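# A look at the structure
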Amino acid sequence: MAELKAPSLQSLLESDRGSTDSLQLDFEFEGLDDVEFAIPPTDVLPTLETVLSEFEADSDVASELGMPVPRATPTPSIGEDCGVRADGRGGSGSGSIMRYTLLHGISAQLASAAERVNAGAASACAVAAYIAVGTSHGHILNFDVTQTLRWAHQDKHSQGAVSSLAFNGDSTRLLVGYARGLVTMLDTQTGDVLRELFDVITPNTGVLHVKWTSRSSLALCADAGGSVWSLSFTRKLGIRGCSSRCLFSGARGEVCSVEPLIMDAQGRHELDQYSIVALATLSKYFIVTVRPRLRVIKYHALQGPADCLPLLAWHLVLIQAADTSRSVDPVIVVGRGNQLFFHQLFVANGRITLLYLRHVQLHSSLLSAHWLGPKCVASLDTSEILHLVDVRSSRELECMDMANAGLVYGSAQFKGLATGGNVSPAFALAGTNACYNSVVSRGTQLYVLGARSLHIIGVRTWSERISYLVKNHRWQEACQLALDGYIASADRPRKRAQAKERIIMLFKEYIANSARAPEYCLGAIVNCLITIGELDLLWTQLWERLHNNTELFLQHISEHIEQETIHSVNPVISQALVDYWLQHSPAKLEQLILKLDWMCLDLNQVLKAVKRHKLYRAQLYLNACALNDYTSALTELLPPLRPDQTDLGNCLLVYISSCLAGRRFPSGDIPEEQVQQVKNDVLRCLTSQHSSASPVDELPYPYLRALLKFDTRETLNVISLAFQEREFSNELGFSHRKRIIYLLLEIMTPENATWAEIGCLLNFIAQQISTQCLPRDKQLLERVLSYLAQENIANESARQHSERESAWHELLSSNCLADISNDEEQLELAQRARCYYVVEYLLEKLHRYDNILECLIHNQARHETMFAYMERHVSVSERCIYQQLRRHLGKLLEINAAETTRLIALHYPDKMSELLELLSGQQRLLFRLLQCLNERHCELQPALMELLLELYCNLEGADAVLEFLRTSSGYRLDKAIDIVERHQLQRAVIYLYEQQESYAKAFDLSMQLLRDATVDTAAKEAKEIAELLARSAQTLPEKQLERCWFTLLQYILPQQDLQSITKSMLHEASQHIDLHNLLQLIMNTHNVSTSFGDIKDLLMSMLISSRQETEALRVAADTLCQNLHTDLAEQRRVARRGVWVTSMRCLICRQRLYDQTPVLVLGPCGHALHEHCRNEATTLQQCPRCDAAMPVGQLSTLRLPCPSQHLLSSSHTMELGSLQLKAPPRRFC
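Rules used in this analysis
- Residues numbered from 1 in each chain as written.
- Predicted model: local features only at pLDDT ≥ 70, side-chain atom pairs only at ≥ 80, totals over all residues.
- Heavy atoms only, no water.
- UniProt positions renumbered as here; feature names shortened; annotations may be inferred.
- Helix = DSSP H or I, 4+ residues; strand = E, 2+ residues; numbered from the N terminus.
- Buried < 20%, exposed > 50% of the residue type's maximum accessible area, 1.4 Å probe, protein only.
- Contact = heavy atoms within 4.5 Å.
- Salt bridge = Lys/Arg side-chain N within 4 Å of Asp/Glu carboxyl O.
- Pairing = 2+ DSSP bridges.
- Phe/Tyr/Trp six-rings, centres within 6.5 Å; stacked < 30°, edge-to-face > 60°.
- Axes fitted to C-alpha atoms, helices over the stretch in contact; angles between N-to-C directions.
- Parallel < 35°, antiparallel > 145°, perpendicular 65-115°, else oblique.
- Left-handed = near helix turned anticlockwise from the far one by under 90°.

- If you check an unreviewed UniProt entry, the chain appears there as RING-type domain-containing protein from Drosophila virilis.
- UniProt's Sequence similarities (unreviewed entry) comment on the chain is quoted here verbatim: "Belongs to the VPS8 family."

Structure, rendered in structure tokens:
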């Protein structure tokens, strides 16, 4: 094994330039065949993306790293063109969206470098056409796309760890930043040092970031002092140079993150002419242009936890505006803590504008955020779990645990350990978990740098995800994902064709892999093929593969037929489908036949089946659609129809109604050229005088008679709908209508139909005549009227009576009966027939308003509108509302006492006495009226309230009387007591005594109830007495209250049945009587033990009460002293302050104020006057000088001393302000 060692890294470092020649191993392989071993030609190297996309995450790679398989998480489908599904589920394996890969070659080289040349652990990386990795001891390793080490470089100046790496746009230059401030430029092909820049940043600070801008000669560098520098590279006369310029000083805020916008639009975007950079500090972020001139575009505050750094990332995204216009603009994601903010950068009216798009909040704080394509953002949280977030839906698609990757943190650079720690504490704290240069992205791949390894997390495309799911035998998810992609590409024909081709390929893979279990995931495959319209594959390859196990296939096909996603099947399959459902569920077969195209069915098989199993709807459908025969099914099914065959009868009625309306049963339309013929055939069939069999005892018109016998009302409804068709609207149609009506009258005779059925027919005829659908035939009208005016119809229901009234009313309102009889005759007939709705109409028409209310009372259906009628016409005298109300008051109260009372209270309050007198002999109605008046809070006289109480006592129970007394007022207590005593309602008497404050009488009566109470109710009675005594504590004299308590306790204590409430009674009594006497009572009561245990609670309560009272007294005394001291201190403080007086003379007498007489300062104006002057001017309400209001309640007197002469030496009175006061003068206000 010693001969198989890799070449020494030290040899690479000591050589002038790294060369691939030094990497040749001394393996002795003979005759390697390029074709046999699939070795690519050495002169054509694949791209990095091509190589990396060939790596696939598997269990072997994961086990080598020691990384656990990610747990099953919801993995909504996401592809190039499809949306997000929230119901996706991950299988037992890893998720299908993110692909994990460990770069073994680079990881082995990093481990070898650390062990052999002491290169140290990896510290930073950069990815472009090459992969560059820097180490903690200043080494740089550069790898090509095949993970081959191209060259290595070691720092010769002891500048510490490599802190940042960056490739330029064409990957020809590598910019390197070190922890002690050195910036180096290397040639990526040879590893030669092109520039070494020692003094381009703040002295004695390390490099945090090096970034290339969109210009090839301009780079940015951020140092540990928080400053940002622009590095402009020049080459004059072959001499390379660099000029450094400070863009942002760390003295104004420490920049933590720098992210330039790299446009790859090749001059086709308006922003290509600018060099734009995003900067972020711990408190805000900026968008600035560096070229053509330095200018701030936008800045915004950025808040977050102190130990979290800001995150920045750019990407070009296709954005669709509200007006459906599309544009490709850069979008920046700004993050800190658990917040992500998305902003769009674009040019509007010649100005660069930043537009807020959306905000995403995650569950934990973030370490990094990178775009993986234009639709996803990968964020790594502080638990080292990678979250993939869909930008459009703001949902987490998948997560992956990266804890075992050994992520490299750059906290040493943020703490300035290599330069003596000269950074701010906030900067050092925020950089604790910095990983700016160890987690980088390129395209749809994320690179995570470990101490001795490099990992790739990529996002699979839609097609790759399907292949991955198929490889892991997750067919259900693969099919659903394929369908999502196909549906999402509806408006993109090329993409839709590709999606369809991929689904067909998926079907072929399913056929190839499902030989042993073809029924596995069958439903999803069937759904895919039906959705893309490849039904031939269903009927051929899939059907043949299933062999004899076809039940599941037929069930899935049936589901799609029910959902109407398919309307036709293969004839072979249709036969199998019919046989299968005939065995399992003929009713289900009927539903399928109605939704299938009849041309795919075996008519001989199906027609025999539907007749044998009585599938009437299918039979009607097939006869009409397949055989073009709309009447044979009617002639076969109508004669045996019985009233109990509800399904068949309803089906026939719907079928006939559809045919007469020109519609196909059960859905669709009859071909227009056949509509007239179908209507005529069906109508001729129904009106046939004899059936096809024509037995001897058959009655005329058997088909129509059968329908009427089954359901007269619905049959007439069908005929009514048919009459609305245009065929019945001309003169010939009117004759057809008349013929059908006479046929109905001939069929519906008293010998062959009930009066209810005949009534339905006559109502139907009346409606047809009133709507002028039938001519006014006098003979027909007389026949109809003779039925409508019948006085007694046996077994007539309320609905039938209402329909009779409605038909009669319609005939009258349309003036169809004028030729038969006049209104007076009609009124008499309607009164005898008790058709009060017709009577009401006729009375209204004849202006006889005095009896309308009686009609409304008798017509139960009109009770709701009766009170509205009275309310509407209450002010019209000719309507006689009050007279009718007075005449029918009792009936109105029985119908609705509340509405009647409301009407009386609002409109006839002065007639109240008269109406009450009218009800004097009817206690129940009088009680309802008074009760409703009381509930409306009407002011009733005491006599009426006492009358209501009397009625309560007569008609209601004791509880209702007590509730009335508690909720009402206005009665006289002495009268009320007499009433309830007369009816022996003791509890009501007790309540009234209490209201009268006759607590002694209430107590005596309560004690009587307690003595008469049973064992079950005694405890409740005792508690109510205790509550009564508690309420009387403020009224009864102390001696009398104590005597009542002693009486109650003397009765309770000896009772063994009341031992459960003894303790609570003693506790309640101890609050109102002397405790010594209470204890003596307990000791002297017979049948009560005098042990310490019995009186322990009482003694403890006495001690607790005493202690509480003592403590309350002490607290009250302390509070009082504190308040007094506070008031004294406040008054003393106010008294020590000067008084703000603006005038030194009295406003009344104009004499000086400082003559030792009491002075009143009026208020905030500062004017003053003598107290005796104020007493003389008693009418003074405001300041005479400035009209300011005088706060009389707050005026206080004081004496002003004579001011010192030297203070008054100036003639100006405002010099009084030179007094040396310890506090500002106070105002009296």
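There is more to say, and it comes next.
### With respect to the overall build of the chain
- When its secondary structure is counted, the chain shows 45 helices and 31 strands.
- In the chain, which comprises 1229 residues, the proportion classed as buried is 47%.
- Sequence separation of at least 24 residues holds for 55% of the intrachain contacts in the chain that already meet a minimum separation of 6.

### Overview of the pattern of salt bridges
- Evaluation of the coordinates by the stated rule reveals 32 salt bridges.
- For the salt bridge of Lys588 with Glu562, the shortest nitrogen-to-oxygen distance reads 3.5 Å. With Lys588 in helix H14 (residues 586-595) and Glu562 in helix H12 (residues 551-562), the pair connects residues that are 26 residues apart, well separated along the chain.
- A relative accessible area of 19% means that Lys588 is categorised as buried.
- The exposure class assigned to Glu562 is partly exposed, which follows from its relative accessible area of 27%.

### Comments concerning the pairing of strand S26 (residues 439-442)
- Across four bridges, the pairing between S26 and strand S27 (residues 445-449) is antiparallel. Residue pairing in the sheet places Ser441 in a bridge with Leu446 of S27.
- Adjacent in sequence and paired antiparallel, S26 and S27 are bridged by two residues, among which Gly443 carries a positive phi angle near 65 degrees.

### Structural notes on the packing of aromatic side chains
- Evaluation of the coordinates by the stated rule reveals 17 aromatic pairs.
- With a centroid separation of 5.5 Å and an interplanar angle of 40 degrees, the aromatic rings of Trp212 and Phe233 are classed as tilted. Here the residue Trp212 occupies a position in strand S10 (residues 207-212), and Phe233 occupies one in strand S12 (residues 228-236), the gap between them amounting to 21 residues.
- When the centroid spacing of 5.0 Å and the interplanar angle of 45 degrees are considered together, the rings of Tyr882 and Tyr908 count as tilted.

### Quick word on the environment of Trp808
- With respect to the helices and strands, Trp808 occurs in helix H25 (residues 798-813).
- Residues Trp808 and Cys835 lie 27 residues apart in sequence; the distance between their C-alpha atoms is 8.9 Å.
- Not counting residues up to four positions away in its chain, the partners in contact with Trp808 are Leu785, Leu788, Ala789, Leu817, Gln826, Leu829, Ala830, Ala833, Cys835 and Val838.

### A look at the environment of Asn204
- Considering the arrangement of structural elements, one finds Asn204 in the loop between strand S9 (193-197) and S10.
- Expressed as a C-alpha distance, the spacing of Asn204 and Ala418, which sit 214 residues apart in the sequence, is 9.3 Å.
- Once residues within four sequence positions are removed from consideration, Asn204 is found in contact with Thr419 and Asn422.

### So, the packing of helix H22 (residues 731-747) against helix H23 (residues 755-770)
- Packing of H22 against H23 leaves a shortest axis separation of 10 Å and a crossing angle of 160 degrees. Relative to H23, the element H22 is oriented roughly antiparallel. Pair H22 / H23 crosses with left-handed handedness. Where H22 approaches H23, its residues Ile741, Leu744 and Leu745 are matched on the opposing element by Leu761, Leu762, Phe764 and Ile765.

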